[in-house]
Amino acid sequence: KASQEAQRRGWHLYLVGGAVRDLLLAKAVTRTLLIKDIDLVVDGFHKAADVGAGVELAKALQQIYTTARLEVHGAFQTAALLWHKDPELDSLWVDIATSRTEFYPYPAANPEVEASSIRQDLYRRDFTINAMALRLTSPNSGELLDFFGGLHDLEAKQIRVLHANSFIEDPTRIYRGVRFAVRLGFHLEPQTEEYIRYAIDSGVYDRTARENGRAPALQTRLKAELKHILEAPYWKSALQLLGDLGALKCIHHTLSLDENLLRQLRLLERCLRRYDPQGTLIHWQMRLEALIACLASEYRGEVAKNLQLPDDSIHRLENLAKARENVEKISVLPENGKAEISPSQVVQLLRQYDLPMLILVAVQSSRTIRQKIWKYLTVWSQVQPILNGNDLKKLGYKPGPHFRQMLDDLLAATLDGKICDRFEAEKFLID
Ligand code: ATP
């Protein structure tokens, strides 16, 4: 339908980007393929008025497919049609753009748009394997447009950029390149790897980290790439490769993949398996928080804000140092006649923190502290006072604000093993 509508208007229509790559890959290994994300580009018009061709085509299609939702993104002359019955099983996202060239008025800035030919449209893309187009309109419908050797690179299993400046223009492509390499089992083509190292050596990461005010879109894209990577099953290999390339500097110029960070990430996985077996936390975000937590404390909040993490996450990273200092107290060992900190004191200390904060603290702490946090989460935090408010009333105590204190005292005594049944609890209250 899309090609008929385009054809009727005298336009060319192309399937571009990831769908072409995945179709060719699926063909190579005779695999069936479920494509949920389709990128179309309209091209071949002559009138200036047709600059909004993509939007017009999307509107025409929506008249036919009335169940689709239409979204128009004016500044970029793109529209999207969304079929969204079930996000997991039955969704389809079709982006329709008008072919365009992007100028970068200064490196790492937001692209500006103008109508142009399909070749130029493909040239602005990230890697050769993502820069092929399949013509959907006649003449020559079904023809593969491969100006930059994408098919060759698919066969050679390599990720190659289209030009030397690519990573300087958009450093998030480093993350995309690594993601595709690890996901597809490809390698970075040697020259491309050199461009990455050159971009990093020339300080491209400084712009990603500091230009938040000037190019927030870059931070948004970096976060999106980090999410893609950190929620994928291959996240460890991808992070390892990013670390080897020095690309973690894009998150913060002091961040590198050293033994300490690797150890903390391993501990995090163990903590997530133990403390969050139901998967209620957002694991990719916890991994990102653990990365940021490895920075010196004065940088953490700023990096979390730049990456537009949610407020609770920013708050956690800003307060992590203080929380760690506080939690340290639970590791006090009995010495010089002082008693070991009691379970009720541990509960008192830890109950002010949520689970993600306790996990971040655990990851950075000694084994003794981790064991206490574990005991708190699995046992001590579940303990209830032996008597409740109703019991106190039945025992003849007059209700009032002091009930809270009585119940807290009962809980502390229960936790510390001073009372273990109702009889002892009642006696404890009288005493
Ligand atoms: P995936 O299967 O992971 O969704 P994709 O190739 O479809 O992969 P998208 O992020 O949906 O990835 O991007 C669609 C297309 O847009 C890419 O194939 C690529 O051609 C182009 N593209 C996306 N991001 C960039 C970028 N930062 N620089 C240049 N081109 C990009």
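Before going into details, it helps to say that this report is about the structure given with it. (Residues numbered from 1 in each chain as written. Predicted model: local features only at pLDDT ≥ 70, side-chain atom pairs only at ≥ 80, totals over all residues. Heavy atoms only, no water.)

**Considering the pattern of salt bridges**
Here comes step 1: Within this structure, the stated rule accounts for 23 salt bridges.
Here comes step 2: A single network of salt bridges, built from pairs that share partners, joins E5, R8, R9 and E56. (Salt bridge = Lys/Arg side-chain N within 4 Å of Asp/Glu carboxyl O.)

**Observations regarding the site of the ligand**
Here comes step 1: Taken together, 15 residues lie near the ligand, and R21, D170, R173, R179 and R183 sit nearest.
Here comes step 2: Within the side chain of R125, a nitrogen or oxygen atom sits 3.0 Å from an oxygen atom of the ligand.
Here comes step 3: For the ligand, an oxygen atom lies 2.9 Å from a polar atom in the side chain of R179.
Here comes step 4: Relative to its unbound accessible surface of 590 Å², the ligand loses 77% to contact with the protein.
Here comes step 5: Breaking the shell around the ligand down by element, the ones donating at least two residues are α2 (18-28), β2 (37-43) and α7 (172-184).
Here comes step 6: At five residues, the largest contribution of residues to the shell around the ligand is made by α7.
Here comes step 7: Among the residues making up the shell around the ligand, the classes are represented as one nonpolar, three polar and 11 charged. (Near = heavy atom within 4 Å. Polar contact = N/O pair within 3.5 Å; in protein donor to acceptor, adjacent residues only side chain to side chain. Areas by Shrake-Rupley, 256 points an atom, 1.4 Å probe, with all protein chains shown as cover. Helix = DSSP H or I, 4+ residues; strand = E, 2+ residues; numbered from the N terminus. Nonpolar A, V, L, I, M, F, W, Y, C, P; charged D, E, K, R; others polar.)

**Notes on the pairing of strand β1 (residues 12-16)**
Here comes step 1: When you tally the buried positions in β1, you get four out of five residues, the bulk of the element.
Here comes step 2: Note: β1 against β2, five bridges, orientation antiparallel. Paired with L15 across the strands is L40, a residue of β2.
Here comes step 3: As judged from the three bridges shared by β1 and strand β8 (residues 133-135), these two strands associate in the antiparallel manner. Bridge pairing links Y14 to R135 in β8. (Buried < 20%, exposed > 50% of the residue type's maximum accessible area, 1.4 Å probe, protein only. Pairing = 2+ DSSP bridges.)

**Details of the packing of aromatic side chains**
Given two aromatic rings, one states the distance between the centres and the angle between the planes to describe the pair.
Here comes step 1: As enumerated under the stated definition, the model contains six aromatic pairs in all.
Here comes step 2: Between Y65 and W83 the ring centres are 5.7 Å apart and the planes differ by 75°, which places this aromatic pair in the edge-to-face class. Here Y65, found in the loop between α3 (53-64) and β3 (69-73), pairs with W83, found in strand β4 (residues 78-86); they are 18 residues apart in sequence, far enough to count as distant.
Here comes step 3: The exposure class of Y65 is partly exposed, given its relative accessible area of 34%.
Here comes step 4: Members of the aromatic cluster, connected to one another through ring pairs, are Y123, F147 and F148.
Here comes step 5: The ring centre of W374 lies 4.2 Å from the NZ or CZ of R274, which sits over that ring. (Phe/Tyr/Trp six-rings, centres within 6.5 Å; stacked < 30°, edge-to-face > 60°. Lys NZ or Arg CZ within 6 Å of the ring centre and 35° of its normal.)

**Thoughts on a positive patch on the surface**
Here comes step 1: Residues K236, R263, R266, R270, R273, R274 and R367 make up a contiguous surface patch of positive charge.
Here comes step 2: Top element by residues in the positive patch is helix α12 (residues 259-275). It accounts for five residues.
Here comes step 3: Assessed through its relative accessible area of 44%, R274 is described here as partly exposed. (Patch = residues over 30% accessible without salt bridge, like charges linked within 9 Å, V, L, I, M, F, W, Y side chains within 5 Å. Lys, Arg positive; Asp, Glu negative; His and termini not counted. Charge placed at Lys NZ, Arg CZ, Asp CG, Glu CD.)

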